[in-house]
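Single-letter residue listing:
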Amino acid sequence: MTEQLAVVGGGYMGGGIAQTLALAGFRVALADVDARTTRDLREKLIMGVQRYAEQGLVDRDAARRVPELLTAAGSVAEAVGEAVYVSEAVPEDLRIKRTALAAIATAAPERTVIATNTSSLPLDALAEAVDRPFIAAHWFNPAPFLPLVELAGDDEDALALAERLLARAGKITVRVPAVPGFLANRLQFALFREAAMIVEEGLATPEQVDLVVSNSFGYRLPFFGPFQVADIAGLDVYAASYATLVERYGDRFSVPPSLAERVAAGDLGLKTSGGYRQTPADRRDALQDYRDHAFTALAALRAKVSPA
Ligand SMILES: NC(=O)c1ccc[n+]([C@@H]2O[C@H](COP(=O)([O-])OP(=O)(O)OC[C@H]3O[C@@H](n4cnc5c(N)ncnc54)[C@H](O)[C@@H]3O)[C@@H](O)[C@H]2O)c1
């Protein structure tokens with residue numbers, strides 16, 4: 001018998017989380033504010049999964065099993081009563097979250113792992129409402145289609161359970177520190193702030209910024225993170241660019257100390273081997289081949305999937 005999970009809060013994120021877990025073959029009990037709301041949400045989620053299956057976005061057999069696996073609970077207590085893992089996805093409000101977490105903790109078995117999907121609330125402040133293994137498992141929207149779930153917390157068993165369950169649901173988990181924004185939102189919001197400033201300064205329209213990003217460095221991001229990109233570009237090139245940018249934009253563009261140290265030591269990234277990712281010299285050609293193949297395949301994909 002497959003494991004019993006629960007999702008509390010069946011809105012935008014909780015709904016997608018429930019769909020994903022049921023598509024992975026888990027039994028999922030959903031609870032929202034009351035039984036009727038939960039029943040309506042369940043119906044919508046099942047119809048959503050059917051639409052995904054019709055469009056070939058998810059496995060048809062997995063989708064067919066969702067109505068049996070995804071159930072609407074009459075209450076939070078009923079949803080979590082037999083769950084080994086509960087995903088909490090109620091609104092991003094400390095008071096609402098603490099109330100919901102306390103209700104979950106009161107009704108769930110002692111060893112049940114409770115995972116909050118909070119985007120930004122401090123984990124410590126939420127943990128006060130919970131008397132058991134508690135972690136953050138931060139999904140990305142749309143939950144069925146974005147691979148990453150950030151995991152934070154310090155309960156090793158709870159993290160390991162989440163890793164096992166989420167791997168079965170096809171997710172990539174990364175353990176991250178329990179800091180505001182975790183890793184992804186700190187990076188994403190830093191970029192958005194700069195983008196908004198460009199528009200606010202009247203330098204470009206939102207359309208121009210979006211075009212520039214998705215056709216330049218954004219084009220690399222499905223395959224490489226910022227450190228690999230910097231290693232490939234050349235750390236000396238990055239350091240020289242910061243030296244120019246800091247003159248115009250101030251301290252937020254000062255050369256990062258780790259970059260300055262590497263350049264001073266002659267570690268210029270891929271061209272001298274090493275760099276942040278310590279790519280060995282004999283892997284350089286393979287990495288560049290991978291990059292060129294990846295970008296060519298991405299061009300073909302973009303031609304096939306035309307924008308909405
Ligand atoms: N929207 C995103 O893109 C996104 C991405 C990552 C994380 N998150 C986080 O996920 C969480 C949920 O966000 P959302 O966008 O899905 O919100 P949402 O408003 O779409 O959904 C919240 C759901 O919780 C229900 N709810 C409220 N109080 C409840 C209670 N006491 N018990 C049970 N259900 C209750 C609401 O009726 C609603 O259906 C938030 O913590 C948010 O920060 C959101």
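Residues numbered from 1 in each chain as written. Predicted model: local features only at pLDDT ≥ 70, side-chain atom pairs only at ≥ 80, totals over all residues. Heavy atoms only, no water.

**Quick look at the pattern of salt bridges**
In total, this model carries 15 salt bridges according to the counting rule given. Linking R168 and E3 is a salt bridge whose minimum nitrogen-to-oxygen distance equals 3.9 Å. You can see R168 sitting in helix α7 (residues 156-168) and its partner E3 sitting in the segment before β1 (4-8), a full 165 residues away along the chain. Residue classification places R168 among the partly exposed residues on the basis of a relative accessible area of 43%. A salt bridge links R132 to D131; the nearest nitrogen and oxygen atoms lie 3.2 Å apart. On the basis of relative accessible area, R132 is assigned to the buried category, the value being 13%. (Salt bridge = Lys/Arg side-chain N within 4 Å of Asp/Glu carboxyl O. Helix = DSSP H or I, 4+ residues; strand = E, 2+ residues; numbered from the N terminus. Buried < 20%, exposed > 50% of the residue type's maximum accessible area, 1.4 Å probe, protein only.)

**Points about helix α1 (residues 12-23)**
When the terminal C-alpha atoms of α1 are compared, their 17 Å separation across 12 residues agrees well with the 16 Å that a helix rising 1.5 Å per residue should span. Among the 12 residues that make up α1, 11 are buried, leaving the element largely enclosed by the rest of the structure. Among all positions in α1, only M13, G14, G15, G16, I17, A18, Q19, T20, L21, A22 and L23 are buried. (Expected span 1.5 Å × (residues − 1).)

**Notes on a nonpolar patch on the surface**
Together, L57, F145 and L146 make up an exposed nonpolar region whose accessible area comes to about 240 Å². Its place among the elements puts L57 in the loop between α2 (35-54) and α3 (60-69). Given a relative accessible area of 45%, L57 falls into the partly exposed group. (Patch = residues over 30% accessible without salt bridge, like charges linked within 9 Å, V, L, I, M, F, W, Y side chains within 5 Å. Areas by Shrake-Rupley, 256 points an atom, 1.4 Å probe, with all protein chains shown as cover.)

**Description of the sheet that holds strand β7 (residues 148-152)**
Strand order in the open sheet made by the 8 strands is β3-β2-β1-β4-β5-β6-β7-β8, with mixed pairing throughout. Looking at strand neighbours, the two that pair on one side only are β3 (70-72) and β8 (172-175), the edges of this open sheet. Pairwise comparison of adjacent strand axes, ignoring direction, gives a mean angle of 25 degrees for this sheet. With 4 bridges connecting them, strand β4 (residues 85-88) and strand β5 (residues 113-116) associate as parallel partners. Each bridged residue has a counterpart across the sheet, and for V86 the counterpart in β5 is I114. (Pairing = 2+ DSSP bridges. Axes fitted to C-alpha atoms, helices over the stretch in contact; angles between N-to-C directions.)

**Thoughts on the site of the ligand**
Within the structure, the ligand sits among 21 residues, and M13, D32, E92, K97 and S119 are positioned closest to it. Measuring from an oxygen atom of the ligand, one finds a side-chain N or O atom of D32 at 2.5 Å. Protein chains shield 73% of the accessible area of the ligand, which is 830 Å² for the free molecule. Mapped onto the shell around the ligand, the elements with two or more residues apiece are α1 and α5 (94-107). Across the shell around the ligand, the residue classes break down as 10 nonpolar, 8 polar and 3 charged. (Near = heavy atom within 4 Å. Polar contact = N/O pair within 3.5 Å; in protein donor to acceptor, adjacent residues only side chain to side chain. Nonpolar A, V, L, I, M, F, W, Y, C, P; charged D, E, K, R; others polar.)

**Observations concerning the UniProt feature "site: Important for catalytic activity" (unreviewed entry) in the chain**
According to UniProt, the positions carrying the feature "site: Important for catalytic activity" (unreviewed entry) are H138. Within the secondary structure, H138 sits in strand β6 (residues 134-138). With residues near it in sequence (within four places) discarded, H138 still touches T116, N117, T118, S119, L148, V149, E150, F182 and N185. (UniProt positions renumbered as here; feature names shortened; annotations may be inferred. Contact = heavy atoms within 4.5 Å.)

**Some thoughts on the nonpolar core**
Soluble globular proteins: nonpolar side chains tend toward being buried together. Ranked by internal contacts, the top residues of the largest apolar core, which has 40 residues, are L21, V28, L70, Y85, W139 and L166. If we ignore the near neighbours within four places in the chain, the residues touching V28 are Q4, L5, V7, A18, L21, A22, L69, L70 and T71. Listed in part, the 26 residues of the second largest apolar core include A29, V80, A108 and A129. (Core = buried A, V, L, I, M, F, W, Y, C linked by side-chain atoms within 4.5 Å.)

**Structural notes on the side chain of K97**
Note that K97 resides in helix α5. You can call K97 buried: its relative accessible area is 1%. Non-local contacts of K97, meaning those with residues more than four positions away in its chain, are made with E88, A89, V90, P91, E92, T116, T118, L121 and L126.

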